[in-house]
Amino acid sequence: MKTQLIHSFEDVISLDNLLLAWQEFIKGKRKRKDVQEFQFSLMDNIFSLHSDLTYFIYKHGKYTAFNISDPKPRNIHKATVRDRLLHHAIYRILYPFFDKTFIADSFSCRKNKGTHKALNRFRSFAYKISQNNTKTCWVLKCDIKKFFASIHHKVLLEILTEYIPDKNILWLLNEVVSSFETKLNIGLPLGNLTSQLLVNIYMNEFDQFVKHKLKAKYYIRYADDFVVLSQDKVCLENQILLIQKFLTESLKLNLHPNKVFIKTLFSGVDFLGWVHFYDHRILRTTTKKRMIKRIRENQTKETLNSYLGLLRWGNTEKLKSELYQF
């Protein structure tokens with residue numbers, strides 16, 4: 001049996017937890033109109049939410065949809081302030097528990113992890129496998145097709161049931177999960193704080209499979225992007241079918257057919273916005289072009305400094321000198 005969450009439904013919906021969740025939620029959002037409207041009658045709104053949850057009459061509201069380019073077009077769905085407050089309250093209780101169940105080399109949407117830690121881990125693995133650049137290091141790189149839009153509600157709730165004994169928490173999670181779908185009972189919204197945690201819980205099943213069934217020692221995942229490094233190309237080739245089989249049968253997900261490849265570090269491996277080689281990494285060409293375009297459109301010191309902060313994670317001296325010319 002898997003480790004069980006000891007917190008209760010009452011812990012999640014308590015007034016104390018809702019108030020703490022509000023303090024976390026409001027950071028950086030105080031000037032937004034919908035937040036100000038909610039805050040105007042804050043305690044009445046929190047008591048109302050608490051009451052609806054206590055009597056199990058809470059219903060998740062509708063979403064506001066809008067598009068962003070980050071860098072590729074994404075459809076974001078924004079919940080009401082009331083619902084986002086609840087998302088934070090759920091996250092406050094569930095994240096610390098589930099984070100302990102995740103593998104060390106899952107880096108997306110986790111405290112003290114992130115892109116930079118994943119990049120450094122990749123470099124560390126590459127040094128070990130290549131034995132300081134004296135052996136060939138092969139990298140299997142994969143991407144999951146339409147990740148958030150393909151999460152099956154039934155599979156997700158079955159996974160959650162294995163960890164959460166409190167049926168009232170499961171009722172609440174079902175309310176949140178079923179509030180959005182891209183197809184019947186499929187899909188999570190990009191934009192929910194809970195979605196970030198739920199997809200990690202979902203993909204933790206895959207992480208455990210790769211680590212314990214495939215015995216892949218050098219594996220890194222960031223959201224739906226993952227790599228496996230090895231000296232053995234044939235082993236990586238054989239793992240592709242096993243990976244696809246598990247994703248399809250257990251999680252109802254599919255690998256993106258155009259984003260599965262095996263390459264050597266000598267030829268360069270594109271991972272998390274950088275192209276990695278044995279002894280250095282350079283910025284992906286599309287990322288570089290997008291960055292230069294944005295700096296030209298918004299020539300401020302803050303914009304330049306933000307990109308210079310990004311560039312310190314790779315070999316970019318030539319590019320930095322170009323940016324200083326703007």
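Please refer to the structure higher up on the page.
Thresholds applied
- Residues numbered from 1 in each chain as written.
- Predicted model: local features only at pLDDT ≥ 70, side-chain atom pairs only at ≥ 80, totals over all residues.
- Heavy atoms only, no water.
- Axes fitted to C-alpha atoms, helices over the stretch in contact; angles between N-to-C directions.
- Helix = DSSP H or I, 4+ residues; strand = E, 2+ residues; numbered from the N terminus.
- Parallel < 35°, antiparallel > 145°, perpendicular 65-115°, else oblique.
- Contact = heavy atoms within 4.5 Å.
- Nonpolar A, V, L, I, M, F, W, Y, C, P; charged D, E, K, R; others polar.
- Buried < 20%, exposed > 50% of the residue type's maximum accessible area, 1.4 Å probe, protein only.
- Salt bridge = Lys/Arg side-chain N within 4 Å of Asp/Glu carboxyl O.
- Core = buried A, V, L, I, M, F, W, Y, C linked by side-chain atoms within 4.5 Å.

1. Here we look at the packing of helix 7 (residues 153–163) against helix 9 (residues 193–212)
Each pair of packed helices can be described by the angle between their axes along with the distance between the axes.
Here is step 1 of the chain: In contact at an axis separation of 10 Å, helix 7 and helix 9 are set at 85° when each is read in the N-to-C sense. When the axes of helix 7 and helix 9 are compared, the pair comes out roughly perpendicular. Contact residues: Val-155, Leu-156, Ile-159, Leu-160 and Tyr-163 in helix 7; Leu-198, Ile-201, Tyr-202, Asn-204 and Glu-205 in helix 9.
Here is step 2 of the chain: Tallied by class, the residues present in the contact of helix 7 with helix 9 amount to 8 nonpolar, 1 polar and 1 charged.

2. Considerations on unusual backbone geometry
Here is step 1 of the chain: Positioned with a positive phi, Phe-56 is a non-glycine residue whose angle comes to about 55°.
Here is step 2 of the chain: Among the secondary structure elements, Phe-56 is positioned in the loop between helix 4 (42–54) and strand 1 (64–69).
Here is step 3 of the chain: Non-glycine residue Gln-131 carries a positive phi angle of around 50°.
Here is step 4 of the chain: In this structure, Gln-131 sits in the loop between helix 6 (115–130) and strand 3 (138–143).
Here is step 5 of the chain: Here Gln-131 falls in the partly exposed class, since its relative accessible area comes to 44%.

3. Quick notes on the pattern of salt bridges
Here is step 1 of the chain: Under the defined criterion, the tally for this structure stands at 13 salt bridges.
Here is step 2 of the chain: Its salt-bridge partner being Arg-82, residue Asp-52 comes within 2.7 Å of it at the nearest N-O pair. In this pair, Asp-52 is assigned in helix 4 and Arg-82 in helix 5 (residues 81–99), connecting sequence segments 30 residues apart.
Here is step 3 of the chain: A residue is classified by how much of its surface remains accessible, and Asp-52, at 18% relative accessible area, is buried.
Here is step 4 of the chain: Judged by relative accessible area, Arg-82 falls into the partly exposed class, the value being 21%.
Here is step 5 of the chain: The residue Glu-249 makes a salt bridge to Lys-245 at a minimum N-O spacing of 3.2 Å. In this pair, Glu-249 and Lys-245 are both assigned in helix 10 (residues 233–251), 4 residues apart and thus about one turn of the helix distant.
Here is step 6 of the chain: Within the structure, one salt-bridge network assembled from shared partners comprises Lys-2, Glu-162 and Glu-205.

4. Some remarks on the environment of Lys-117
Here is step 1 of the chain: Along the chain, Lys-117 turns up in helix 6.
Here is step 2 of the chain: Judged by relative accessible area, which is 43%, Lys-117 ranks as partly exposed.
Here is step 3 of the chain: The spacing of Lys-117 and Asp-105 is 12 residues in sequence and 9.3 Å in space, taken between C-alpha atoms.
Here is step 4 of the chain: Ignoring sequence-local partners within four residues, the contact set of Lys-117 consists of Phe-107 and Asn-112.

5. A short note on the nonpolar core
Here is step 1 of the chain: Counting 73 residues, the largest nonpolar core has Phe-98, Leu-160, Ile-164, Phe-206 and Leu-251 as the members making the most contacts within it.
Here is step 2 of the chain: The element best represented in this core is helix 5, accounting for 11 residues.
Here is step 3 of the chain: Once residues lying within four places of it in the same chain are set aside, the contact partners of Phe-98 are Leu-160, Tyr-163, Ile-164, Leu-197 and Ile-201.
Here is step 4 of the chain: Grouped together as the second largest cluster of nonpolar side chains are 20 residues, Phe-107, Ala-118, Phe-271 and Leu-272 included.

By themselves, these figures tell us nothing about what the structure is for.
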